[in-house]
Amino acid sequence: MVTKVSDHLLQRLREWDVTHVFAYPGDGINGLLAAWGRADDNPRFVQARHEEMAAFEAVGYAKFSGKVGVCVATSGPGAIHLLNGLYDAKLDHVPVVAIVGQTNRSALGGSYQQEVDLLSLYKDVASDFCEMVTVPEQLPNVLDRALRTAMARRTVTAVIIPADVQDLPYAPPEHAFKMVPSSPGMPHYTTVPDDDDLRRAADVLNSGGKTAILIGQGARGARAEVKAVADRLGAGVAKALLGKDALDDDLPYVTGAIGLLGTRPSYEMMRECDSLLVIGSSFPYSQFLPKFGKARAVQIDIDPHMVGMRYPFEVNLVGDAGATLRRLLPLLEQMEDPAWRVKIEANVARWWEVMERRAAVEADPVNPEYVVHALSGLLPDDVILSADSGSAANWYARHLKLRGAMRGSLSGTLASMGAGVPYAIGAKFAHGDRPAIALVGDGAMQMNGMAELITVAKYWQEWADPRLIVAVLNNRDLNQVTWEMRGLEGAPQFLPSQSIPDVAYADFARSLGLTGIRVEKPDEVTGAWESALAADRPCVLDFVTDPAVPPIPPHSTLEQIEAAASSVLKGDSDRAAVLRQGFKAKIQDLLPGGGHSGQS
C-alpha cells in the first residue's frame, strides 16, 4: 500500500507521542480522515461539536497534561472557527498546534469555494510558525518545526495542507540541494540566570523589610522553592489567576488572587510592601502592583520576551522558576522581624472569615458565593477545575482553596466565554482517572456548553473515573457585564442585552443519559455537590442563583459600592424589589472592618 502524505503526518504525530487530536471533520481534510481510518484511529480523533470547542479542548488538554495540544479542522470556515481557542492558547502561553486543510493547489487564487488566505489569516495567532505544505518532501520539517516551536516557545503554530497534497504519495526529503531533512523530538534543558544577576537580585530583595511575592503559572513546578523563599524573606504570596494552583491556598501567608477578581489581602499587601518578587507571571494590571517608586522589584521568567514589563523591575532574571529560586535562596538573608508576615497572616485569616460570612448571606433564591464556598471543602484531592469567564471566575478565584495535586485553570488573558466545559473535556482526556469540575455561568453554557455536553455523553464511558461535573450558575443574567455597567458606567441593567432565558440544563443533561440536578434552595446545595461527586457518570448541577450578588473588586470603597447600588435601585424596574431587598447587606461585608468609608 502506498503511504500518502496524510498517512505520514499521523505517523509523525505518533513519533512525537501525540495521543489525542481534537477535531471536527470536513471535506478539506478528507484525505487526513481517510488516513485516520487506515491508522486505526491512532492518534485518537476526539470529535468536538464545533471547531472552536476543539481548539479549547486542545488548550485544556495542554494546560493539564503538560504536553502539546493538537487540533485539526477543515478549510475555510473550519479553520476560521479555530481562531478563538487558538488565541486563548497564544495569550496564555500554551503549546498548541493547529493542522488545517486548504483547497487544492490548482484552485488557489481562483476565489474557489471555501478558499481563504489561511497564511494571512493565521499570521498573527501563529506568528512564531505558520507554513503551508505544498510538496510531500516538505512535510516532516514543517510538522517537526511546528511541534518543536510550539513547545519551546509555549505558543500556537499552524500547518496548512491543501486537500490534493494530503492524497499525494509521500516521499521523504532527499540528500539534495534545497531539501530540508528533519528529525522529531524535543530536547530537555533548564535555563538559569548568570551568577552576577542572581547576586544583584538578592541585594534588592535583602534591602526590603516588607516583601510581597506574586506568582503565576510559571511557578507551578516550583512549589517547594517558592515556600522556601517566602519563609526566608518573611513574605506573603499573591497569585495571578493562572497560578491559582501553583501554591496551596490553605497556607496562612498565601493572600490569594490579585487584580479585579482578587482578594483584599493581596491588594493591601501590594499597596504596603517595599520589595516585590514576581515569579512566572505576566499579570497585566499594573494598578494592582505597588505604586511606582514605592517598591524595589525583581522578576523571574523563563521567557526573555516577557521580562521587564508591567513594572520598573531593577533586576530581570531569565530562567526556570525552580532552578532559579534554588540558586537564589542561599543568597537571601533570613528575615528576623516577623511583624510583616504576622500582619499578612492576620489579613488572610480575616479575609476567609469575610468569605464565610458573604457565603452565608441570604439571597433569592441561592447565593452563588455559597455554591462555590460549599464546594471548597468537598474537593477531591486530585480534582481538576476549570472556570468560565464571567462572575463564575470571581467565585472560583476567591472561594476555592486549592491544595496539593489539585489543578485549575481558565481563559486567563483572553478571558473568553465558553472555555469552561471544553477545558474540562480536555482535562478528562489528559487524566481520565481524575474527577473534573467546570464552573460556568448560564451565558457561557448557552453559548456553547450545552452542545459540548453531547461530546461528554459521547466519550464519558471511556474514562476510568467517569466524574465530570458541570456546575451552572443560573441567574438568567449576563452578570459580569451587568455589574461592570453598574460599577463603571453608573448605568442600570440593560435588559435587552443582559437578560437571558431560564433553560432546563439538568433536564437536557438527563436527555443525554447524564445525571442532572436542579438546585433552587440553599439547603440543597451541599447535598447536590455530594451527589454529583458520588455519581457514576457526568453530572450537570443547575444552581438557580441570585443575580443581585455582586462581584465587587477588592479595592472598592464604600462610596463606589453605594454608587453601584444606586444604579440598581433606579433601574431594573421589573426586578427592583428583589434587588433592593438586603442589597447593601450583600455587598458591604466585602470590606473588612464592616465596610467603613475610606477603606480603599
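Note: the structure precedes this text.
No experiment lies behind these values; they were computed from the predicted model shown.

Caption draft 1: Fine view of the overall build of the protein chain. Of the regular secondary structure elements, the protein chain holds 24 helices and 18 strands. Compactness check: the protein chain gives a C-alpha radius of gyration of 25 Å against a globular reference of 25 Å for 600 residues, within 12% of the reference. If one aligns the C-alpha atoms of the protein chain with their principal axes, the spans along those axes are about 75 × 65 × 45 Å. Residues classed as buried in the protein chain amount to 58% of the 600 residues present.

Caption draft 2: Region of interest: the nonpolar core. Residues Leu-82, Leu-86, Val-96, Tyr-122, Met-445 and Val-470 are the most contacted members of the largest nonpolar core, which totals 54 residues. For this core, the element with the most residues is helix 3 (residues 51–65), which contributes eight residues. Formed by 37 residues, the second largest nonpolar core is a distinct cluster that contains Val-371, Leu-439, Ala-528 and Leu-533.

Caption draft 3: Examining the packing of aromatic side chains more closely. According to the stated counting rule, one finds 12 aromatic pairs in the structure shown. Here Trp-36 and Phe-45 contribute two aromatic rings whose centre-to-centre distance is 5.0 Å and whose plane-to-plane angle is 90°, an arrangement assigned as edge-to-face. This pair shows no difference in class: Trp-36 is buried, exactly as Phe-45 is. Among the aromatic residues, ring-to-ring pairing joins Phe-22, Tyr-61, Phe-429, Tyr-459 and Trp-463 into one connected group.

Caption draft 4: Looking closely at helix 12 (residues 321–328). With six of its eight residues buried, helix 12 lies for the most part within the structure. Listed in full, the buried residues belonging to helix 12 are Ala-321, Gly-322, Ala-323, Thr-324, Leu-325 and Leu-328. If you follow the buried residues of helix 12, they end up packed against helix 9 (195–206), helix 10 (223–233), strand 10 (275–279), strand 11 (296–301) and strand 12 (315–318). Looking at where helix 12 begins, the residue whose side-chain oxygen comes 3.2 Å from the main-chain nitrogen of Gly-322 is Asp-320.

Caption draft 5: Focus on the sheet that holds strand 8 (residues 236–239). Ordered by their spatial adjacency, six strands build an open sheet running 9-8-7-10-11-12, and the pairing between neighbours is parallel. Of all the strands in the sheet, just strand 9 (254–257) and strand 12 have a single pairing partner and so form its edges. With direction set aside, neighbouring strand axes in the sheet form an average angle of 15°. As paired strands, strand 7 (residues 211–215) and strand 10 are joined by five bridges and run parallel to one another. Across the sheet, residue Ile-215 finds its bridge partner in strand 10, namely Ile-279.

Caption draft 6: Structural context of the pairing of strand 17 (residues 515–519). Across five bridges, strand 17 lies against strand 18 (residues 539–544) in parallel orientation. Its bridge partner lying in strand 18, Gly-516 is registered against Val-540. Between the parallel elements strand 17 and strand 18, the chain passes through helix 21 (residues 525–534) in a crossover that is right-handed.

Caption draft 7: Spotlight on the environment of Leu-247. In this fold, Leu-247 is placed in the loop between strand 8 and strand 9. For the pair Leu-247 and Asp-197, spaced 50 residues apart in the sequence, the C-alpha separation amounts to 26 Å. Sequence-distant contacts of Leu-247, defined by excluding residues within four places in its chain, comprise Ile-215, Arg-223, Val-226, Lys-227, Val-237, Lys-239, Val-254 and Leu-402.

Caption draft 8: View of the side chain of Asn-474. Mapped onto the secondary structure, Asn-474 falls in strand 16 (residues 468–474). When residues no more than four places from it in sequence are discounted, the contact partners of Asn-474 are Asp-442, Asp-502, Val-503, Tyr-505, Arg-518, Asp-542, Phe-543, Val-544 and Thr-545.

Caption draft 9: Summary view of the environment of Leu-325. Tracing the backbone shows Leu-325 in helix 12. Residue Leu-325 is classed as buried on the basis of its relative accessible area, which comes to 1%. The contacts of Leu-325, once residues within four sequence positions are left out, are Ala-222, Glu-225, Val-226, Val-229, Ile-279 and Ile-300.

What counts, and where the lines are drawn
Residues numbered from 1 in each chain as written. Predicted model: local features only at pLDDT ≥ 70, side-chain atom pairs only at ≥ 80, totals over all residues. Heavy atoms only, no water. Helix = DSSP H or I, 4+ residues; strand = E, 2+ residues; numbered from the N terminus. Rg over C-alpha atoms; globule rule 2.2 N^0.38 Å. Buried < 20%, exposed > 50% of the residue type's maximum accessible area, 1.4 Å probe, protein only. Core = buried A, V, L, I, M, F, W, Y, C linked by side-chain atoms within 4.5 Å. Phe/Tyr/Trp six-rings, centres within 6.5 Å; stacked < 30°, edge-to-face > 60°. Contact = heavy atoms within 4.5 Å. Polar contact = N/O pair within 3.5 Å; in protein donor to acceptor, adjacent residues only side chain to side chain. Pairing = 2+ DSSP bridges. Axes fitted to C-alpha atoms, helices over the stretch in contact; angles between N-to-C directions. Right-handed = clockwise from strand over helix to strand, strands pointing away.

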